[in-house]
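Architecture at a glance
Here is how the chains run, residue by residue.
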Amino acid sequence: MVREAVRAFALTLPGAWEDFPWGESVVKVGKKVFVFLGVSDGSYPPTVTFKLADPEAHEHALSCPGAEPTGYGLGRSGWVTVPLEPRGAPGADLLRDWVEDSYRAVAPKRLAAQLDG
């Protein structure tokens, strides 16, 4: 339910569209991914992954139970993977804020500016 709320919100952002590389759901703006949603078939625990450039938001996300810097070297660039199942997992509102932050970090400035207008 939380995963779907995050997905639905991400798709409302200017120029956002869903893609399925590697068999998992991602939301992109242009050709750049701004949120990884994983698979929804239950084969893996549900997670959300996003890029957080703001140091406070980044540290907050990493303080969530089970959260960790994203693999494949993405963690060094500010990407964080947050599990959605453990007790204490962030709610949909906070996750939507982080998705918007991630969008602003990767979207072209002209599209990100539409969020402020």
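Between helix 2 (residues 55-62) and helix 3 (residues 92-106), whose axes approach to 12 Å, the crossing angle comes to 135°. In terms of orientation, helix 2 lies oblique with respect to helix 3. Note that helix 2 runs across helix 3; the crossing there is left-handed. Two secondary-structure elements touch here, helix 2 through A57, H60 and A61 and helix 3 through L94, W98 and D101. For the contact of helix 2 with helix 3, a count of residues per class yields four nonpolar, one polar and one charged.

Structurally, the position occupied by T12 is in the loop between helix 1 (2-10) and strand 1 (16-19). Counting along the chain gives 36 residues from T12 to V48, while the straight-line C-alpha distance between them is 17 Å.

The subject of this paragraph is the nonpolar core. Ranked by size, the top nonpolar core spans 27 residues in total, and within it F34, V35, F50, V82, W98 and V99 carry the most contacts. Taken together, the elements giving at least two residues each to this core come down to helix 1, strand 2 (25-29), strand 3 (32-38), strand 4 (47-51), helix 2, strand 6 (79-83), helix 3 and helix 4 (109-112). Beyond its immediate sequence surroundings of up to four residues, V99 is in contact with V6, F9, A10, L13, F34, V35 and F50.

Reading the values: rules and limits
Residues numbered from 1 in each chain as written. Predicted model: local features only at pLDDT ≥ 70, side-chain atom pairs only at ≥ 80, totals over all residues. Heavy atoms only, no water. Axes fitted to C-alpha atoms, helices over the stretch in contact; angles between N-to-C directions. Helix = DSSP H or I, 4+ residues; strand = E, 2+ residues; numbered from the N terminus. Parallel < 35°, antiparallel > 145°, perpendicular 65-115°, else oblique. Left-handed = near helix turned anticlockwise from the far one by under 90°. Contact = heavy atoms within 4.5 Å. Nonpolar A, V, L, I, M, F, W, Y, C, P; charged D, E, K, R; others polar. Core = buried A, V, L, I, M, F, W, Y, C linked by side-chain atoms within 4.5 Å. Buried < 20%, exposed > 50% of the residue type's maximum accessible area, 1.4 Å probe, protein only.

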